[in-house]
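If you want the building blocks of each chain, they are given just below.
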Amino acid sequence: MRFRIAIAGIVACVLTLGLGLVTPVVTAPPAEAVTKISARTLLRQLPVASETNKGYDRSKFPHWIDTADKDVCDTREEVLIQEAIRAPRVAASTCAISGGTWRSKYDRVTTTDKSTFDIDHVVPLKEAWASGAKKWTTSTRKRFANDLGYRATLIAVSASSNRSKGAREPHEWMPPNRAYHCTYAKQWIAIKWRWSLKVNQTEKTYLRRQLDKCDSVLVNKPRRAT
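Here's what I pulled together on the structure shown here. (Residues numbered from 1 in each chain as written. Predicted model: local features only at pLDDT ≥ 70, side-chain atom pairs only at ≥ 80, totals over all residues. Heavy atoms only, no water.)

1. With respect to unusual backbone geometry
- The phi dihedral of Cys95 is positive, around 65 degrees, even though this residue is not glycine.
- The residue Cys95 is located in the loop between strand E3 (89–91) and strand E4 (97–98) in this model.
- Accessibility expressed as a relative area gives 1% for Cys95, which makes it buried.
- Of note, the phi angle at Ser196 is positive, near 55 degrees, even though the residue is not glycine.
- Mapped onto the elements, Ser196 comes out in the loop between helix H7 (181–194) and helix H8 (201–212). (Helix = DSSP H or I, 4+ residues; strand = E, 2+ residues; numbered from the N terminus. Buried < 20%, exposed > 50% of the residue type's maximum accessible area, 1.4 Å probe, protein only.)

2. Focus: the side chain of His121
- By the secondary structure assignment, His121 is in strand E7 (residues 117–121).
- Of note is the side chain of His121, whose polar atom sits 2.8 Å from the backbone oxygen of Ala145.
- Setting aside chain neighbours within four positions, we find His121 in contact with His63, Trp64, Phe144, Ala145, Thr153, Leu154 and Lys165. (Polar contact = N/O pair within 3.5 Å; in protein donor to acceptor, adjacent residues only side chain to side chain. Contact = heavy atoms within 4.5 Å.)

3. A word on the packing of H7 against H8
- Contact pair H7 / H8: the axes reach a minimum separation of 9 Å and the direction vectors enclose 135 degrees. The orientation of H7 relative to H8 falls into the category oblique. With respect to the hand of their crossing, H7 and H8 are arranged in left-handed fashion. Residues His181, Cys182, Ala185, Lys186, Trp188, Ile189 and Lys192 of H7 form the contact with H8, whose participating residues are Glu203, Leu207, Gln210 and Leu211.
- When grouped by side-chain class, the residues that make up the contact of H7 with H8 number six nonpolar, two polar and three charged. (Axes fitted to C-alpha atoms, helices over the stretch in contact; angles between N-to-C directions. Parallel < 35°, antiparallel > 145°, perpendicular 65-115°, else oblique. Left-handed = near helix turned anticlockwise from the far one by under 90°. Nonpolar A, V, L, I, M, F, W, Y, C, P; charged D, E, K, R; others polar.)

Functional significance is not addressed by these values, which are geometric in nature.
Here it is in structure tokens:
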């Protein structure tokens, strides 16, 4: 009986490979460390300064590239695979994604159509530019825009919620899903800390007040980006 089961498993694998499909395996950089830290601690360490978007252009942040793993899948596809609540099928040679189910944490929308979801930069590119990225090299901005090294940086959400958010800061926009507010605020802070970005005073005050409403202010501590 065990022999038959083993043979059946081998046949299934061969058929799957023959169809050009593979089990979704994301070979992105290692996820964030499991060490927890208070978001208040990270917020206190963020420099406070005024911000300006002068000179911003989205093209200055090259994104949706095949990252260092060189596995055909670009960053958007990597995040879709990571965040699926029902795993999709992935073509080995092209990373074409079919099947799968996704749920948007911003507004609780669920879909099986990946084209209706965007990959959101939790800290928008325009906000990053105003917060310090204007002084970075294009190479560093590319790494920020495709950052798979800290899971919170990129998130698959409904296109409608992403476009409602735009490039606004937390005091200007929070997810319609109120249950996600604390997580959103903590991750915003952690991402800015990871990339040594600044906050303006209004932004910092709002984030501090938001943390005061949270049952827990712990967040996965990111590694500093270099």
